[in-house]
Amino acid sequence: MKARTAMDFPAWMRTCAEQVERRLGALLPQDDEAPAHLHGAMRYAVLGGGKRVRALLVLAAGHACQPAGKPVAIVTALESAAAAVEMIHGYSLVHDDLPCMDNDTLRRGKPTTHVAYGEAAALLAGDALQPLAFETLAGMPIAPALIVQSVQVLARASGSLGMAGGQFIDLDSTGHGLSLDQLRGMHTMKTGALLAASVTLGGVVAGASSPQRQALEKYAAAIGLAFQVVDDILDVTADSASLGKTAGKDAQDNKPTYVSLMGVDAARELAAQLRDDAHQALRPLGEAGAYLAAMADFIVAREY
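Residues numbered from 1 in each chain as written. Predicted model: local features only at pLDDT ≥ 70, side-chain atom pairs only at ≥ 80, totals over all residues. Heavy atoms only, no water.

For the chain, an unreviewed UniProt entry supplies the name Farnesyl-diphosphate synthase and the organism Kerstersia gyiorum. Annotation of the chain in UniProt includes, under Cofactor (unreviewed entry), the sentence "Mg(2+)". (UniProt positions renumbered as here; feature names shortened; annotations may be inferred.)

K.L.:
Which parts of the structure should I look at to understand unusual backbone geometry?
P.N.:
Negative phi is the rule for most residues except glycine; trans is the rule for most peptide bonds. A cis amide bond, omega -5°, links Ala-34 with the succeeding residue Pro-35. You can see Pro-35 is positioned in the loop between α1 (8-27) and α2 (36-46). Despite not being glycine, Arg-52 shows a phi value in the positive range, around 60°. Located in the positive-phi region is Arg-108, a residue other than glycine, with phi close to 55°. Locating Arg-108 in the fold gives a position in the loop between β1 (106-107) and β2 (110-111). Its relative accessible area of 25% is what places Arg-108 among the partly exposed residues. (Helix = DSSP H or I, 4+ residues; strand = E, 2+ residues; numbered from the N terminus. Buried < 20%, exposed > 50% of the residue type's maximum accessible area, 1.4 Å probe, protein only.)

K.L.:
Help me understand the environment of Ala-288, please; the structure alone is not making it clear to me.
P.N.:
Following the sequence through the fold, Ala-288 ends up in the loop between α14 (264-281) and α15 (290-301). Ala-288 gets classed as partly exposed once you look at its relative accessible area, which sits at 23%. Along the chain, Ala-288 and Thr-15 lie 273 residues apart, while their C-alpha atoms are 18 Å from each other. Once you skip the residues sitting within four places of it in the chain, Ala-288 turns out to touch His-63 and Ala-64. (Contact = heavy atoms within 4.5 Å.)

Pasting the structure below:
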């Protein structure tokens, strides 16, 4: 399954990323509003960087499931859900980069938030981005039941059984051996949970049917893992300038990765298989799943 035309998908990506950036700019507190330093740190952490993969997954899933005619309320709600996911992702990056976590100084090609604003402001910026994300979901112009479901999806993906728990396991396993199954479980939580939640959110907001949600769930599981496999490959094959973050950090910190357990070639084969699994999962959605299929291709083929 492919996007409608070769030019359609890149144009769609650019348009959606710009829409999400504008929405984030409007939702985040202005940096001239007190406490200005904190608000500046929040905007610094979220705006003007990243590929917006999670936001694009929200919008692509919504496109695949929304009713004909693209009701304005659903379009608006999807943009809000996409922005909320980016806030959660932004908070996670700020906290992951802190000295008590990965202690990194480069993110998205610029100094990490704690380097630019100080550790206290960075910590609090992450703390403030979390409730703002859920406030944003609560304000979506859709049925209250769907809002509740959306909040549950994002909260579950962010907590101890999702992203936060996966990050703890990652830190706790540094210098220790993990089996391939253990590594997969860790990354299903740390990286895959929020990516999967992004896909699920798009379906929930658009009012997906049960068969549509099942297709999205299988797709999300495949691309969530594929994303991390490719990240592990890029950590050893790309440089810091192209990555926008410190290259070789996993090996430097003696962290288990798909490359350290499987080797680069086998990891690439796994990523390609997961992409094919994602495409297969989308078959029940037909042509409506074209953007999701293209997102799977983009995730696996990305060079940085």
